[in-house]
Amino acid sequence: MREYKTDIAGSRGEVQEDVVSRSQGRDLAAFEQLVRKYQPYAFSLAMRFLCDEAEASDVVQDSFLRVWKNIDHYDPNQKFSTWLYRIVTNVCVDRFRALRRNRSIFPSRERDPMMEDLPDERDWEISLSHEQLADIVRTLSKRLSPTQRLVFTLRDLQDLTVAEVVDITGLSIGSIKTNLHYARKSIRDTLVQHYGVVRGEL
Amino acid sequence: MSCERYQRLLHLNRAGEISGHEADELRQHLRLCEKCSLKLQRIERADGFIDRLVAFSPTPKNPEELTADILRRVRAESASPKPLNPLDRVLDFFLLPSVRYSTVAIISLIVLTSATQLVMMLNDISNLEQRMASPVRRDATEATYTMQSKTLQGVATSDRGRSIKENLSLTVTNDRIDVSAKDVDAFLSDPGLRNLPTVVGASVLGIDKKTLEKIVNEIKATAERSFRLDGKGA
């Protein structure tokens, strides 16, 4: 039986062809398998991008509903996970823009990042809660454009390859590198400014 | 090469996004440049935090509930009637009795109007063919040359001009001179008459050769053939 390639970072494992093709035939049990398999990766991406658990859950629901509605258009020659990630990122970016317009989650980019939102260095060693993670990413990426934020999330936080980021975003390699450069520079500068160059320096 | 470029390479070097050649260049530069070495230290320090963000994978607090929510929405979507495609919507619209009868009436009206116009057009073509086949070329007989010659107008309005108008059947007004095309055609087709202006001008009308040439040149420059069909200007 043919196996779908699903080597997107984090989504290790295999999806059997018949699970997708049965889902295309409107088999809810097969679709449930897909949801159970990919839901954690979709949530992880949405959470890292939006920094809000409720919003991330909504995005995951909307994304899978969109998958269900459009599964007939899925091309089996591409990785299912790449197709899913593309849908999740589109929903995320739409939601991010809407939230930023309302400024309910993301205040104006003109405001300086709130450095006090970054946890003490010792907290990083233990474990981060959802809230802490959200605060950290929100603070670090406050100055980034949606594209810089998306590329950084996919490449550096989700650990996808550049080729996968190209497939998901549709951006050119040059554009991805430029956006990555600015995103990393901004985030690294913020981290070093807060925590110092060497441990205990500040 | 400037430090700015190397610092860009430093930022891109996190996961091998630079080429082997660029990596070699960067290594050599770092051995010599203290500023960029400090930059590398800062980047490595910051990446320690980013790596911990990567290692932490956020999961939903209640994955089962999230799965249930997704499937509930999918079932609701499946239960609701599938929206018709645009073609089906159009076809359904035309199945409504009122729309059906109105459509038939409109189409009948269009067909009737088109047929009437076609019959009228064929009738016009037939009339035109009959007129084209007629042996009488009305335009040839009733055509007129209109021309302007201030010299001839001056001569024609003088006393001696009366004989010019009588001899040449000219109609002279303030702004133009009309002459029958039939006379002109006859004049042009008869070699004997071509000398008439010279004869008339020089001996009968008493116009000198220079004036006559001026008149001829003005007429050549302004003559326009126009037609009068059934007494109406065309």
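The structure this text deals with has already been given above.
Everything quoted here is computed from the prediction, not taken from an experiment.

**Quick look at the overall build of chain B**
Now for step 1: A count of helical and extended segments in chain B gives 12 helices and five strands.
Now for step 2: When burial is assessed residue by residue, chain B has 24% of its 234 residues classed as buried.
Now for step 3: If you sum the accessible surface of chain B, you get close to 16,300 Å²; carbon and sulfur atoms cover 58% of it.

**Observations concerning the interface of chain B and chain A**
Now for step 1: Each side of the interface is counted separately: chain B has 38 residues, and chain A has 54 residues.
Now for step 2: Carbon and sulfur atoms make up 62% of the surface buried where chain B meets chain A, a total of about 4,300 Å² over both sides.
Now for step 3: Taken together, the connections running from chain B to chain A amount to eight salt bridges.
Now for step 4: Close ionic contact of E17(B) with R155(A) constitutes a salt bridge, the shortest N to O distance being 2.5 Å.
Now for step 5: On inspection of chain B and its partner chain A, the count reaches 16 residue pairs in polar contact (both at pLDDT 80 or more).

**Regarding helix α7 (residues 146–157) of chain A**
Now for step 1: Of all 12 residues making up α7(A), 11 are buried, and the element is well covered by its neighbours.
Now for step 2: Once α7(A) finishes, D159(A) follows within two positions and takes phi at roughly 60°, a positive value.

**Concerning the pattern of salt bridges**
Now for step 1: One pass over the structure, following the stated rule, counts 23 salt bridges over all chains.
Now for step 2: For E64(B), the salt bridge is made with R36(A), and the minimal N-O distance between the two is 2.9 Å. One end of the pair, E64(B), is in helix α4 (residues 63–79); the other, R36(A), is in helix α2 (residues 28–50), on a second chain.
Now for step 3: Judged by relative accessible area, E64(B) falls into the partly exposed class, the value being 49%.
Now for step 4: We classify R36(A) as partly exposed; its relative accessible area is 39%.
Now for step 5: A salt bridge links D135(A) to R138(A); its shortest N-O distance comes to 3.3 Å.

**Thoughts on the nonpolar core**
Now for step 1: Counting 78 residues, the largest nonpolar core has F31(A), F64(A), F80(A) and L53(B) as its most contacted members.
Now for step 2: Here this core takes 12 residues from α2(A), the largest share from any one element.
Now for step 3: Residues M147(B), I177(B), V179(B) and A181(B) belong to the second largest nonpolar core, which totals seven residues.

**Examining unusual backbone geometry**
All names here are of chain A.
Now for step 1: Phi at R26 takes a positive value of approximately 65°, unusual for a residue other than glycine.
Now for step 2: Its place among the elements puts R26 in the loop between α1 (17–24) and α2.
Now for step 3: Its relative accessible area of 37% is what places R26 among the partly exposed residues.

**What about the packing of aromatic side chains?**
Residue and element names in this part refer to chain A.
Now for step 1: All told, the structure shown has nine aromatic pairs over all chains when counted by the stated rule.
Now for step 2: Ring plane angle 65° and centroid distance 6.4 Å describe the contact between Y38 and Y41, whose orientation is recorded as edge-to-face. You can see Y38 and its partner Y41 sitting in helix α2, three residues apart, about one turn around the helix. Of the two residues, Y38 and Y41, neither departs from the other in class, the shared state being buried.

**What about a nonpolar patch on the surface?**
Now for step 1: Nonpolar side chains collect at one region of the surface, where V90(B), F93(B), F94(B) and L96(B) lie side by side and expose about 360 Å² of accessible area between them.
Now for step 2: By secondary structure assignment, the location of F94(B) is in helix α5 (residues 86–94).

**Section: the state of the cysteines**
Cysteine pairs can be linked by a disulfide, which is a covalent bond between their two sulfur atoms.
Now for step 1: In total, this model carries zero disulfides over all chains according to the counting rule given.
Now for step 2: With no disulfide partner, C36(B) has as its closest neighbouring cysteine sulfur the one in C33(B), 3.7 Å distant.

**Looking at the environment of G154(B)**
All names here are of chain B.
Now for step 1: Relative to the elements of secondary structure, G154 occurs in helix α8 (residues 150–156).
Now for step 2: A relative accessible area of 40% means that G154 is categorised as partly exposed.
Now for step 3: Here the alpha-carbon distance between G154 and V172, two residues 18 residues apart in the chain, equals 10.0 Å.

The rules behind these values
- Residues numbered from 1 in each chain as written.
- Chains lettered and ligands numbered in written order.
- Predicted model: local features only at pLDDT ≥ 70, side-chain atom pairs only at ≥ 80, totals over all residues.
- Heavy atoms only, no water.
- Helix = DSSP H or I, 4+ residues; strand = E, 2+ residues; numbered from the N terminus.
- Buried < 20%, exposed > 50% of the residue type's maximum accessible area, 1.4 Å probe, protein only.
- Areas by Shrake-Rupley, 256 points an atom, 1.4 Å probe, with all protein chains shown as cover.
- Contact = heavy atoms within 4.5 Å.
- Buried area = accessible area lost by both parts, 1.4 Å probe.
- Salt bridge = Lys/Arg side-chain N within 4 Å of Asp/Glu carboxyl O.
- Polar contact = N/O pair within 3.5 Å; in protein donor to acceptor, adjacent residues only side chain to side chain.
- Core = buried A, V, L, I, M, F, W, Y, C linked by side-chain atoms within 4.5 Å.
- Phe/Tyr/Trp six-rings, centres within 6.5 Å; stacked < 30°, edge-to-face > 60°.
- Patch = residues over 30% accessible without salt bridge, like charges linked within 9 Å, V, L, I, M, F, W, Y side chains within 5 Å.
- Disulfide = S-S within 2.5 Å.

Treat this as a map of the structure, not an account of what it does.
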